[in-house]
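Commentary on secondary and tertiary structure
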Amino acid sequence: MNVAIILAGGVGSRLGYSTPKQFLKVAGKTVIEHTIDVFERNGLIDEIAVVIHPSYVDKMEGIVVRNQWKKVKRILRGGDERYMSTLSAIEAYRGCSGDCNMIFHDAVRPLVNDRIIKDVVEALESYDAVDVAVPATDTIIEVDEEGRYIDKIPKRKLLRRGQTPQAFKYDVVAKAYERAMKDPDFVSTDDCGTVLKYMPEVKTYVVEGEESNMKLTYKEDLFLLDKLFQLRSMTLHEETDFAQLKDKVVVVFGGNSGIGKELVEMARINGARVFSFSRSTTGTDISRRADVEKALAGVAEECGGRIDYVVDSAAILSKEPLVTMDEKFIDVIIRTNYDGMVNVAMAAFPYLKKSQGQLLLYTSSSYTRGRAMYSIYSSTKAAAVNFMQALAQEWDCYGIRVNVINPERTNTPMRTKNFGIEPPDTLLKAVDVAEVSLKTLLLDITGQVVDVKIKRD
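An account of the accompanying structure is given in this report. As the structure is a computational prediction, the values presented were derived from the model and not from experiment. (Residues numbered from 1 in each chain as written. Predicted model: local features only at pLDDT ≥ 70, side-chain atom pairs only at ≥ 80, totals over all residues. Heavy atoms only, no water.)

Let us now look at the packing of helix α3 (residues 82–92) against helix α5 (residues 170–180). At a minimum axis distance of 11 Å, the contact between α3 and α5 shows a crossing angle of 130°. Put simply, α3 runs oblique to α5. By crossing handedness, the relation of α3 to α5 is classed as left-handed. Two secondary-structure elements touch here, α3 through Y83, T86, L87 and I90 and α5 through Y170, V173, A174 and Y177. In terms of residue class, the contact of α3 with α5 is made up of 7 nonpolar, 1 polar and no charged. (Axes fitted to C-alpha atoms, helices over the stretch in contact; angles between N-to-C directions. Helix = DSSP H or I, 4+ residues; strand = E, 2+ residues; numbered from the N terminus. Parallel < 35°, antiparallel > 145°, perpendicular 65-115°, else oblique. Left-handed = near helix turned anticlockwise from the far one by under 90°. Contact = heavy atoms within 4.5 Å. Nonpolar A, V, L, I, M, F, W, Y, C, P; charged D, E, K, R; others polar.)

Our next topic: the pattern of salt bridges. Per the counting criterion, the structure on display carries 23 salt bridges. Measuring nitrogen to oxygen at the nearest pair gives 2.6 Å for the salt bridge that ties E211 to R161. Here the residue E211 occupies a position in the loop between β11 (204–208) and α7 (219–236), and R161 occupies one in strand β10 (residues 160–169), the gap between them amounting to 50 residues. Look at E211 and you get partly exposed, because its relative accessible area is 48%. (Salt bridge = Lys/Arg side-chain N within 4 Å of Asp/Glu carboxyl O. Buried < 20%, exposed > 50% of the residue type's maximum accessible area, 1.4 Å probe, protein only.)

Considering the arrangement of structural elements, one finds R109 in the loop between β6 (101–106) and α4 (114–123). Other than its neighbours up to four places away in sequence, R109 contacts T35, G162, Q163, T164, N213, M214 and K215.

Across the sheet, which stays open at both edges, the 6 strands sit in the order β13-β12-β14-β15-β16-β19 with parallel pairing between neighbours. Looking at strand neighbours, the two that pair on one side only are β13 (273–277) and β19 (449–452), the edges of this open sheet. Averaged over all pairs of adjacent strands, the angle between strand axes in this sheet comes to 20°, irrespective of strand direction. Inspection of the sheet shows strand β12 (residues 249–253) paired to strand β14 (residues 309–312) by 4 bridges, in the parallel sense. Paired with F253 across the two strands is D312, which belongs to β14. (Pairing = 2+ DSSP bridges.)

With the rule as written, the count across this model stands at 1 disulfide. A sulfur-sulfur separation of 2.0 Å characterises the disulfide bridge that pairs C96 with C100. Its torsion about the S-S bond being 95°, the disulfide of C96 and C100 is classed as right-handed. Of the two residues, C96 and C100, both sit in the buried class. (Disulfide = S-S within 2.5 Å.)

Next up on the list: the packing of aromatic side chains. Scanning the model with the defined rule gives 11 aromatic pairs in all. Relative to Y205, the ring of Y127 has its centre 4.5 Å away and its plane inclined at 15°; by these criteria the two rings are stacked. With Y127 in the loop between α4 and β7 (129–135) and Y205 in strand β11, this pair connects stretches of sequence that are 78 residues apart. Classification of Y127 by relative accessible area gives partly exposed; the value is 33%. Judged by its relative accessible area of 36%, Y205 falls in the partly exposed class. Between the NZ or CZ atom of K59 and the centre of the ring of F23, over which it lies, the distance is 5.2 Å. Between R415 and the ring centre of F419, over which it is positioned, the NZ or CZ distance is 4.0 Å. (Phe/Tyr/Trp six-rings, centres within 6.5 Å; stacked < 30°, edge-to-face > 60°. Lys NZ or Arg CZ within 6 Å of the ring centre and 35° of its normal.)

With that settled, the discussion passes to the environment of K152. Within the secondary structure, K152 sits in strand β9 (residues 150–152). C-alpha of K152 to C-alpha of R279: the two residues are 127 residues apart in sequence and 72 Å apart in space. Setting aside residues no more than four positions away along its own chain, K152 makes contact with I141 and E142.

Our next topic: α5. Each turn of an α-helix holds 3.6 residues, which means side chains three or four residues apart point in the same direction. Restricting attention to buried positions, one finds in α5 the residues Y170, V172, V173, A174, A176, Y177 and A180. Taken together, the buried residues of α5 touch α3, β6, β10 and α6 (191–198).

On to the packing of helix α1 (residues 31–41) against helix α2 (residues 57–67). Here α1 crosses α2 at 50°, and the two axes come no closer than 11 Å. Viewed along their axes, α1 and α2 adopt a mutual orientation that is oblique. At the point where α1 passes α2, the crossing takes the right-handed sense. For the pair α1 and α2, contact is made by I32, E33 and I36 and by M60, I63, R66 and N67, respectively. Residues belonging to the contact of α1 with α2 are distributed by class as follows: 4 nonpolar, 1 polar and 2 charged.

Set out below in structure tokens:
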């Protein structure tokens, strides 16, 4: 039996948040949810146990119930030190000696993948202890006791940076800790360190890890994890089967031109039931909530109450200094770009809750930094990102995914109107952005800013 032990006993003091880092949100879910999902889906894992700080047992139980995981059989209480969590798992599975593999993994390494787990489990067929590590890329120096001078420089080719999982035959890890607990000078490093010191006769095999299998330690790591989730999701689904769109009900606001128009045409080609709304073609003004509600109600009536995806690609851009802009036109931009986005979300909620579908929004590459000459546009697009991130958390419990597409400069009529003719090789094609948008609709991700960049040699 292969038992995955998810070590989540930390309280997050190093990160500086009041919430333990395993409960922080990234890519629409808590870190620990992402981690457990990997082991839950892996066919080589038979059972999962979560070791948690006693203060968060109730919270963890709620997460398990909400996710309806089948393999999570035990929620164990950990201690103040990491090794205490390992001891808690060893004690809980004391009757499982013999043909029992204990696979310990940090809850805050959510990007562990099936390849690593497979290699670890297969290695346990030949070895009693297995570690996961990646080569050291920097020169490591060892200093003297005072920490002032270099004492020695180990050979870099022999050095590795340890990760998890760390896996053992039950009897080996249990025996190692039994001996460790009798040592008054015991100092905890990690489980492999304990086995190395107290069971020196056991050889620990090293499986190659991956740089992406990073541990959430510092605040900056949250940003890196978010981007890594995005890259992994899009990379793993490069060959998206658009046949999945067949008979899906897709509603696009702003589907009369540019990216929205290309998305409508591509979705229809792939068998989706697509409904496009805009001011110019249907008289639908998303700045008026009633218009949006009427449009969605009409679609629902025609499609038996079902709407799978709602896309808001409508936007207004005017490139001019703020002080010269007409006050009424400023209001039109804000009401379309921001109020319209809110109206679409509010009106779409009951339909997406029923279908457990997705709301897809659009931002601009200017969202990270406001740009001169279009302050209103860039600030509303920055708001789209913040709005998406908030809704992804609020609506996760309803099974609704919310994402935002962030394309680089794209060749659309709106851009041409504001920037004139530009070299084609400096712009994305609207059809390429539409393709990524459809891929995103089909992915099981939420809370993501999906970047679309020009392919450069």
